[in-house]
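Breakdown of the fold
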Amino acid sequence: MAVLTYREALNRAMTEEMEKDPNIFLMGEEVGHYEGAYKVSQGMLAKFGERRIIDTPISENGFAGVGIGAAMVGLRPIIEFMTWNFSLVAIDQIINSAAKMNYMSAGQFPIPIVFRGAGGAGGRLAAQHSQSFESWYAHIPGLKVLAPYTPSDAYGLLKTSIRDNNPTIFIESEVLYGSKGEVPDGEFLIPMGKSDIKREGTQLTIISWSRALMYVLPAAEKLAKEGISVEVLDLRSIRPLDEEGILASVRKTNRALIVEEGWNVAGFGAQVAYLIQKEAFDYLDSPVERITQEDVPMPYAANLEKSSLPSEDKIIKKVREMIK
Amino acid sequence: MSQPKTKKETEDLLELYRQMLLIRRFEEASAKAYSMGKIGGFCHLYIGQEAVGVGAISALEQKDYIVSTYRDHGHALARGLEPKALMAELFGKRTGIVSGNGGSMHFFDKKKNFMGGHGIVGGHISLAAGIAYASKYREDGAVTLCFFGEGAANIGSFHEGMNLAAIWKLPLVMICENNHYAMGTPEYRALSVKDVSVRAAAYDIARDHIEGDEVRKVREHVKVAVERARRGEGPTLMEISTYRFRGHSMSDPAKYRTKEELEKYKQGDPLIKAEKDLLAAGWAQEELTKMDEIILKTVEESVDFAEKSEEPPLGWLYKHVYAENV
């Protein structure tokens, strides 16, 4: 089994898919000659040429629309947003065109497109470059939303996204690109709507995804040393959501804590909490809890940034309260 | 453009006139049905602008693509979409062109490369660039025609779409149907230029500007742009000046303009112009009246069909939210 970085795993997934299907192309700012702002597309221009690895000017609304138009006539674009923060100027295209085209046209025009790029909080990038948008996109019927944590998941889910006939929002974590992990040799796909238990436990389930797992997993480790057994469920796929997987784990542990990097108000964790209270109410030994980014734009100062995000300490404290 | 000289030219104009008349009668029937509460939502009529859609679309081949706006009835009929299916769509019936999922602003017909009526002003311009991009990618020789209003010429998507089409030399013809009002705002209060097509200079692409009252003239000019696109010489930005005789939508009484202004423009009604030319070329009035009767019957049948069709079954509510993966 090879050990790959998160960015190498994404690169491998795209490269393999593009080798198979000439209808797939990669388009975005700096994806070609610069080889990706985060080097995800390293080596791809040399391999596929300018016809299929296309540098764009800074115009997200424009090239998001170009991708959707190309998908209307059967191409399968991968559109890279340098960061998801810039997707906001393309949000009309993503919501009003990509998500709704198949519905509005009664199935005549499916949009097989992947929008992908760096997302999430952190890195002292301040308010406009440091935020999580999973909840925003998960709100929209017609979109699928994925946020992998490990290189292996990144590989398997990106391949599935590229083959899916619907618009997929694939949010990579900016701070995970260099993280390493084992990726099985040979091709494999990970289905959407299937969560993964990253750690087994018996007393409480922490439901999380993407970069927030960086805090959750070490916290669970420390709690284990205190004798508190925490199960960690990585959603990976926000929409479709693995409702059965969530409920099975909560019915086993009888407690649920949702840890997310996005804001609290109308955040995706609220949807998960609703699901749990509705379908597993009788199993709960304590109220469902959430730990989120604080309800502020991201500050720049190192201490303030840190204090606004979920952390190991916050998680450990909350779990202890819930277990009491 | 002078009146037709040969028999072939006359017959050609007759066919274009027939298409314009179909649009006019279809729209009049739509207005009536709307006022009776049978059509819901927004309903933007094309009355007065027929020469633009018919002229431009007649310059295309079947393999070419059309991207339209929320004012899409005329473009759809000019492309040969079935009036019955369009009327049924307006009525929100299962027999509609998109099964009642779209309504007035969202006609689509894949078989005819009719790539949709799109409801967000200007949002569709970059989609059109994307369809043209795919033609370039595949080298299929198709051209994409994109209609939009002068109001859309101020939106970001217009400028981004133009720039991308220009740098990639996409086979795209952009037609600004300038009807002088973006809803109730006259062009001089919203546009920094008097002629949208001069904005082509900013992107170093070809431009054209014409009056849109003569259907054959429209086709001739659009053809030049289409051929340029097909030769791989890139996009063209055209402004075709026109006028809508009705309000922005059915809910707009158009009080922002004077009766005199409307009357002035009605003198330039493209249907009257075409009719005069046909009569001058020796076509009998009775023939034209007979044509009108046939068209009226077609439209009546489409209303009847829409009326009698069933609403979509409730079980279709979730159909098509996601495409199947096969």
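Every value quoted in this text rests on a predicted model; they were computed, and no experiment measured them.

In this section: the overall build of chain B. Regarding its fold elements, chain B presents 12 helices and eight strands. Taking 2.2 N^0.38 as the reference for a compact globule, 326 residues should give roughly 20 Å; the C-alpha atoms of chain B span a radius of gyration of 19 Å, in line with that estimate. Over its C-alpha atoms, taken along the principal directions, chain B stretches across nearly 60 × 50 × 40 Å. Each of the 326 residues in chain B was classed as buried or not, and the buried ones make up 57%. Residue pairs at least 24 apart in sequence account for 75% of intrachain contacts in chain B once pairs closer than 6 positions are excluded.

With numbering matched to this structure, UniProt assigns "domain: Dehydrogenase E1 component" (unreviewed entry) to residues 19–312 of chain B. Between the end C-alpha atoms of residues 19–312 of chain B the distance is 30 Å, and the span holds 45% helix and 13% strand.

All names here are of chain B. Taken in spatial order, the six strands make up an open sheet running β2-β1-β3-β4-β8-β7, and their pairing is parallel. A single partner strand is all that each edge strand has here, and the edge strands are β2 (114–117) and β7 (206–211). Strand-to-strand twist of the sheet, defined as the mean angle between neighbouring strand axes without regard to direction, takes the value 15°. Sheet topology note: the strand β1 (residues 65–68)/strand β3 (residues 144–149) ladder contains three bridges and is parallel. Among the inter-strand pairings, Val-67 is bridged to a residue of β3, identified as Cys-146. Relative to the sheet, helix α2 (residues 50–57) contacts β1, β3, β4 (172–178) and β8 (236–241), its axis offset from that of β3 by approximately 170°.

Looking now at the domain arrangement of chain A. Residues and elements named next belong to chain A. As assigned here, chain A comprises domain 1 (2–183) and domain 2 (196–323). A separation of 26 Å is found between the C-alpha centroids of domain 1 and domain 2. Taken together, the contacts link 30 residues of domain 1 with 28 residues of domain 2. Across the domain 1 to domain 2 interface the summed buried area is about 2300 Å²; carbon plus sulfur atoms make up 57%.

Attention shifts here to the interface of chain B and chain A. With 40 residues of chain B at the contact, the number on the chain A side is 49 residues. Roughly 3400 Å² is buried in total at the junction of chain B and chain A, and carbon and sulfur atoms are behind 60% of that figure. Applying the counting criterion to the chain B and chain A interface returns zero salt bridges. Remark: the boundary between chain B and chain A carries 26 residue pairs in polar contact (both at pLDDT 80 or more). For the side of chain B that touches chain A, the element with the most residues is helix α5 (residues 124–138) of chain B, which contributes nine residues. Of the residues contributing to the side of chain B that touches chain A, the split by class is 22 nonpolar, 12 polar and six charged.

Calculation notes
Residues numbered from 1 in each chain as written. Chains lettered and ligands numbered in written order. Predicted model: local features only at pLDDT ≥ 70, side-chain atom pairs only at ≥ 80, totals over all residues. Heavy atoms only, no water. Helix = DSSP H or I, 4+ residues; strand = E, 2+ residues; numbered from the N terminus. Rg over C-alpha atoms; globule rule 2.2 N^0.38 Å. Buried < 20%, exposed > 50% of the residue type's maximum accessible area, 1.4 Å probe, protein only. Contact = heavy atoms within 4.5 Å. UniProt positions renumbered as here; feature names shortened; annotations may be inferred. Pairing = 2+ DSSP bridges. Axes fitted to C-alpha atoms, helices over the stretch in contact; angles between N-to-C directions. Domains from an automatic or database assignment. Buried area = accessible area lost by both parts, 1.4 Å probe. Salt bridge = Lys/Arg side-chain N within 4 Å of Asp/Glu carboxyl O. Polar contact = N/O pair within 3.5 Å; in protein donor to acceptor, adjacent residues only side chain to side chain. Nonpolar A, V, L, I, M, F, W, Y, C, P; charged D, E, K, R; others polar.

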